[in-house]
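Structural overview for review
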Amino acid sequence: MRPYAWMPRPLRWFARVLTVLLALALVLAGVLVYTVRKSFPQVEGALRLPGLTGDVEIYRDKSGIPHIYASSAADLFMAQGFVHAQDRFFEMDFRRHMTAGRLSELFGAATLDTDKALRTMGWRRVAEQELPELAQQTQDHLDAYAKGVNAWLSANPNASDRSLEYSILKLQNGDYRPEQWTAVDSLSWLKAMAWDLRSNMEDEIDRALIAAKLPRERVEQLYPDYPYDRHSPIVTQGTIDQDRFDQRAEPRLRAGVRTLTQAAKTLDAVPSTMSTEDREGIGSNSWVISGDHTKSGKPLLANDPHLSAQMPSVWYQAGLHCREITEECPYDVTGFTFSGVPGVIIGHTDKIAWGFTNLGPDVADLFLEKVDGDTYLYKGEQVKLETRQEQIKVAGGSPVTITVRSTVHGPLINEVIDSAEPTGEANAVALQWTALAPGRTADALFALNKATDWQEFKAAAALFEVPAQNLVYADTAGKIGYQAPGRIPVRQKGDGTWPVPGWTGEYDWRTAPIPYDQLPSVEDPADGFIVTANNAVIDPRRYRPFLTRDWAYGYRSERIRDLVKAAIDKGGVDAAAMSEIQQDTRNEFAETLVPALMEVDLAGPGGQARQLLKSWDGTQGPDSAPAAYFNAVWRQVLVLTFNDELPEGARPAGGDRWYEVIRRLLQLPDDPFWDDVTTENRKETRDDILRQAMASAYQELADRLGEDVAAWRWGDLHTLELVHGSLGTSGIAPIEALFNRGPFAVPGNKDAVNATGWNVQRDYAVTAVPSMRMIVDLSDMDKSQWINLTGASGHAFHENYWDQAEVWARGDLLPMHSKPESVKKAAVHTLRLTP
């Protein structure tokens, strides 16, 4: 009997079609599986790597984390380049196209505007200028790394050999072939990180945008003083003495400082001229505790940088080990690396550990310029603009040529960055930024990786110019410390908080930055611990050089300090206590806003929801109903209070600057900001807005989560989706499904210690996260712990593509092996590279 003969005729046709479709689906699935697995790296056995001078062993644990053992630094960094390329080459290739302003070569005209902006700033041009100025050893390590990447690239000539992304890209851009990797490709990525951590340029723009609509005194209300009386800065002792920062020295006018502090407490509710960094949750936590306060008697160090959530994670975990520590091969370092960059960025050696948070000094200024044709006005004269031509190749289209024009201050950016619009007499905007000049940060990374004590660490930090970071330190001898490094400009006039006239020359930067020896530094402080969380570095009343006025406002840092003190009081801190602090979700603004909400008359179903807050402890776990309601109310408070008057680009996204703004406005019930200017013949007050915020929050959550307020869950609103850095936003659902993962519920909030940021202008979805977590135990490095946001692999469907994500979301950590015996014991794969 023929197949399907027993079926009615209409069903026979349907069955045949269904069979064909199923067969086609199986074939396509088989092709996909083959294509995907074909690009997975070899992690067992032996491989020949031309260019090596000796054998290299690579041990990987079940998370795919590699530890590389070599007998020379050249072999070590060549192997690192090879391993990075094995796991993350598409990410590396995408990054170098981005930093060079060449994304349109990959993706066509859709990325042309981005390329124009990046070519105008010239990140790659700066990296090209930087390379010959670096130490010869640094250049050698960069070249060795590039050799390793290119060895992998030569062994994988086909798109399907490299990664699934290239197979998909081939459908649109079949002629694309990756170029050889170069040292400049690695240096350019450091410019991208400097841009992500560029401090207050957006605040400068926002001030100018708001000032076009509101009087200056009302603008200044939105950028209040840092609350030094309530939230400690990082460095609480010392000042500049004899042209050096001395932690034992004190300002000569100590009584005056105390008087000013008392005055600040009295005038705390009065809005003033200072401001903060509020950039979509970009920040970090790091703290270090002396062995005097730990159970082991040795220091503990914790770090969790807060960055945009990415797939794969911006970080790549690795160990780099010289088999024998010698002057020629001095590295024994484990930590978090950047794929595309040799060395370890954050981590520990066998003797020291370090962590980073963004210092956030004001290192970028916007200069308003008067341009006339090919000249601009400067100090009373017409000066010729510097110009250069940039040709951008476009996949599927014709090349596009742009003319980049620059003044003495920097490139004119108003034509390529929409928000940088000239005002008043000016018709152009120039950007001056420290990262647009060659620097020595690459030298600093290798110096950090081989430092053995505090003095060598400080010498390495002196080279760390951009992006300026808060560096915390601990060593096995028991010392802890803090150092503020960076190339921080000295201005002839002004403080960088507003765009300034460029034509007068009076706001120009001086030739030399703040000397490194004058930057704040502390070793072994009296209280036995150091906390950094993007809070103010030091009270300007004791320190004259200007760093910035746009800090985070210290809610996270003060919470960490309180938790550290509590752990110490319980009898000593251990790694478990450090991890608990990293996972803390308490909303520190709740104790200010909730009492104000409770005092407002509220009728209707919103009153039932408000009862959730009555006994709430401020924690924001994913199962919390009070956290869901409080954050919905907070969102409504900001939208109702400010969206009617602030321009769209300058509306609040959330964060602790707005905690301070609202805290002060709560004491001013009739302040004009409470009034909704869109309502006619009515002037709203504080209580009107709070009442409306509670009612609107209830309605929003009832619509989204149901009317049973007890069943609301913060995790149903506050979710994280891991989105692929390029193809994950293609707009083509099947392609996005190949690479994106999630969503899943996460705890925390933008300025909780567990800082999972979100934007009140959009929704509750997570926009920034602790991109990794690390706890280093200086009593035994093998007791250290870490976790990455996603996984080691950049290959979709590889077992290590996102295997750490659920562990990260639970708040758990993995063992951070570093000693040879523990590395080998944990290894599930061993690969030998031979010359």
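Before going further, it helps to examine the packing of helix α13 (residues 441-450) against helix α14 (residues 454-461). Closest axis-to-axis distance for the α13/α14 pair is 8 Å, and the angle between their directions is 170°. Classified by the angle their axes make, α13 and α14 are roughly antiparallel. Taken together, the residues of α14 that come into contact with α13 (itself represented by Ala444, Ala447, Leu448 and Lys450) are Glu456, Phe457 and Ala460. In terms of residue class, the contact of α13 with α14 is built from 5 nonpolar, no polar and 2 charged.

Grouped together as the largest cluster of nonpolar side chains are 182 residues, with contacts concentrated most on Leu431, Trp433 and Leu720. Once residues lying within four places of it in the same chain are set aside, the contact partners of tryptophan 433 are Trp123, Lys191, Ala194, Trp195, Arg198, Val363, Ala364 and Trp509. Counting residues in each nonpolar core, the second largest holds 56 residues, with Leu222, Trp498, Phe630 and Trp634 among its members.

Quick look at the sheet that holds strand β14 (residues 371-372) now. Pairing within the open sheet is antiparallel, and its 3 strands lie in the order β14-β15-β16. Two strands bound the open sheet, and with one partner strand each, they are β14 and β16 (381-384). Looking at chain direction, β14 and strand β15 (residues 375-378) are connected through 2 bridges and run antiparallel. Along β15, the bridge assignment pairs valine 371 with tyrosine 376.

Glancing now at empty space enclosed by the protein. A water-sized probe rolled over the atoms picks out the places where empty space is left. Applying the stated criterion across every chain, the model contains 11 cavities of 30 Å³ or more. The space that makes up the largest cavity amounts to roughly 200 Å³. Around the largest cavity sit 20 residues that line it, and Met193, Leu197, Phe338, Phe356 and Gln469 are the ones nearest its centre. Of all the elements in the fold, those that place two or more residues in the lining of the largest cavity are α9 (183-196), β7 (283-289), β8 (300-308), β12 (352-358) and α13. Top contributing element to the lining of the largest cavity by residue count: β12, with 3 residues.

This part is about the state of the cysteines. Under the criterion given, the structure shown has 1 disulfide. Paired through a disulfide, cysteine 322 and cysteine 329 show a sulfur-sulfur distance of 2.0 Å. Judged by the sign of its S-S torsion, about -85°, the bond between cysteine 322 and cysteine 329 is left-handed. You'll find cysteine 322 and cysteine 329 in the same group, each marked buried.

All right, on to the environment of isoleucine 210 then. Following the sequence through the fold, isoleucine 210 ends up in helix α10 (residues 201-211). Between the C-alpha atoms of isoleucine 210 and alanine 650, which are 440 residues apart in sequence, the distance is 7.0 Å. Each residue touching isoleucine 210, except ones within four places of it in the same chain, is listed here: Val219, Leu222, Tyr223, Leu646, Pro647 and Ala650.

Attention now goes to the side chain of glutamate 588. Structurally, the position occupied by glutamate 588 is in the loop between α16 (575-582) and α17 (590-598). Among the polar contacts listed, one links the side chain of glutamate 588 to the side chain of arginine 586, at a separation of 2.6 Å. Look past the residues within four positions of glutamate 588 in its chain and what remains in contact with it is Tyr555 and Arg559.

What the 11 strands build is an open sheet, ordered β1-β32-β2-β3-β9-β10-β11-β12-β20-β21-β23; its pairing is mixed. Across the chains shown, the open sheet's two edge strands, defined by having one partner strand only, are β1 (45-48) and β23 (521-523). Recorded for the sheet is a direction-independent mean angle of 20° between the axes of neighbouring strands. In this sheet, strand β32 (residues 829-834) lies alongside strand β2 (residues 56-60) in antiparallel orientation, the contact comprising 5 bridges.

Below, the discussion takes up the pattern of salt bridges. Throughout the structure, instances matching the rule amount to 53 salt bridges. Between aspartate 780 and lysine 819 there is a salt bridge; the shortest N-O distance is 3.1 Å. On the criterion of sequence distance, the pair formed by aspartate 780 in the loop between β29 (772-777) and β30 (785-788) and lysine 819 in the loop between β31 (814-815) and α25 (820-826) is long-range, its members being 39 residues apart. Residue classification places lysine 819 among the partly exposed positions, given a relative accessible area of 33%.

Turning our attention to the packing of aromatic side chains. Taken as a whole and judged by the stated rule, the model has 34 aromatic pairs. With a centroid separation of 5.3 Å and an interplanar angle of 70°, the aromatic rings of phenylalanine 336 and tryptophan 786 are classed as edge-to-face. Of the two residues, phenylalanine 336 is situated in strand β10 (residues 332-337) and tryptophan 786 in strand β30; the sequence distance between them amounts to 450 residues. On the basis of relative accessibility, which here comes to 1%, the residue tryptophan 786 falls in the buried class. Chaining the aromatic ring pairs together yields one cluster made of Phe89, Phe90, Trp152, Tyr166 and Tyr176. Sitting above the plane of the phenylalanine 673 ring, arginine 218 keeps its charged end 4.1 Å from the centroid.

Summarising burial for strand β13 (residues 364-369): 6 of the 6 residues are buried, a large majority. By the alternation rule, side chains of β13 split into Ala364, Leu366 and Leu368 and Asp365, Phe367 and Glu369, which are all buried. Across 2 bridges, β13 lies against strand β22 (residues 500-501) in parallel orientation. By the bridge assignment, phenylalanine 367 is partnered in β22 with valine 500.

A word on the layout of surface pockets. Within this model, the second largest pocket holds a volume of roughly 750 Å³. Around the second largest pocket, the lining is made up of 33 residues, and of these Val408, His409, Gln432, Leu436 and Ala437 lie nearest the centre. Mapped onto the lining of the second largest pocket, the elements with two or more residues apiece are α4 (112-121), α5 (123-130), β17 (386-392), β18 (400-406) and β19 (428-433). Per-class residue counts for the lining of the second largest pocket are 16 nonpolar, 11 polar and 6 charged.

Moving on, we come to helix α21 (residues 686-705). Compared with the 28 Å implied by 1.5 Å per residue over 20 residues, the 28 Å span of α21 between its first and last C-alpha is a close match. For α21, every residue scored as buried is listed here: Arg686, Asp688, Ile689, Leu690, Ala693, Met694, Ser696, Ala697, Tyr698, Glu700, Leu701 and Ala702. Buried residues along α21 sit in contact with α17, α18 (606-610), α19 (625-642) and α22 (714-717). The first or second residue beyond α21 is glycine 706, which carries a positive phi of 100°.

Let us now look at the side chain of threonine 756. Here threonine 756 shows up in the loop between β27 (741-745) and β28 (768-770). Residue class for threonine 756 comes out buried when judged on its relative accessible area of 1%. Within polar-contact distance, the side chain of threonine 756 engages the side chain of histidine 718 at 2.8 Å. Those residues in contact with threonine 756 that lie beyond four places of it in its chain are His718, Val746, Pro747, Gly748, Asn749, Lys750, Val766, Ala768 and Pro770.

A word on the environment of leucine 359. Tracing the backbone through its elements, the reader meets leucine 359 in the loop between β12 and β13. In this structure the C-alpha to C-alpha distance between leucine 359 and alanine 536, which are 177 residues apart in sequence, comes to 8.3 Å. Those residues in contact with leucine 359 that sit more than four places away from it in its chain are Ala468, Gln469, Asn470, Tyr482, Ala484, Pro485, Val537 and Trp551.

In low-pLDDT regions, the fine details of the predicted coordinates are not to be read closely. A residue-level look at the chain finds 92% of positions with pLDDT of 70 or above and a mean pLDDT of 91. Here helix α12 (residues 254-266) stands out as the element of the chain with the lowest mean pLDDT, 25, in contrast to strand β3 (residues 66-70), whose mean of 99 is the highest. Taken together, the stretch residues 22-29 has pLDDT below 50 and engages in 0 contacts with residues farther than four places along the chain or on a different chain. Contacts for the low-pLDDT stretch residues 253-280, under 50 throughout, to residues beyond four places or in other chains number 70 contacts.

So, how was this worked out
- Residues numbered from 1 in each chain as written.
- Predicted model: local features only at pLDDT ≥ 70, side-chain atom pairs only at ≥ 80, totals over all residues.
- Heavy atoms only, no water.
- Axes fitted to C-alpha atoms, helices over the stretch in contact; angles between N-to-C directions.
- Helix = DSSP H or I, 4+ residues; strand = E, 2+ residues; numbered from the N terminus.
- Parallel < 35°, antiparallel > 145°, perpendicular 65-115°, else oblique.
- Contact = heavy atoms within 4.5 Å.
- Nonpolar A, V, L, I, M, F, W, Y, C, P; charged D, E, K, R; others polar.
- Core = buried A, V, L, I, M, F, W, Y, C linked by side-chain atoms within 4.5 Å.
- Buried < 20%, exposed > 50% of the residue type's maximum accessible area, 1.4 Å probe, protein only.
- Pairing = 2+ DSSP bridges.
- 1 Å grid on protein atoms, 1.4 Å probe; cavity = no way out; pocket = protein on both sides within 12 Å on 5 of 7 lines; lining within 4 Å.
- Points joined across faces, edges and corners; volume = space filled by probe spheres on them.
- Disulfide = S-S within 2.5 Å.
- Polar contact = N/O pair within 3.5 Å; in protein donor to acceptor, adjacent residues only side chain to side chain.
- Salt bridge = Lys/Arg side-chain N within 4 Å of Asp/Glu carboxyl O.
- Phe/Tyr/Trp six-rings, centres within 6.5 Å; stacked < 30°, edge-to-face > 60°.
- Lys NZ or Arg CZ within 6 Å of the ring centre and 35° of its normal.
- Expected span 1.5 Å × (residues − 1).
- pLDDT = per-residue confidence, 0-100.

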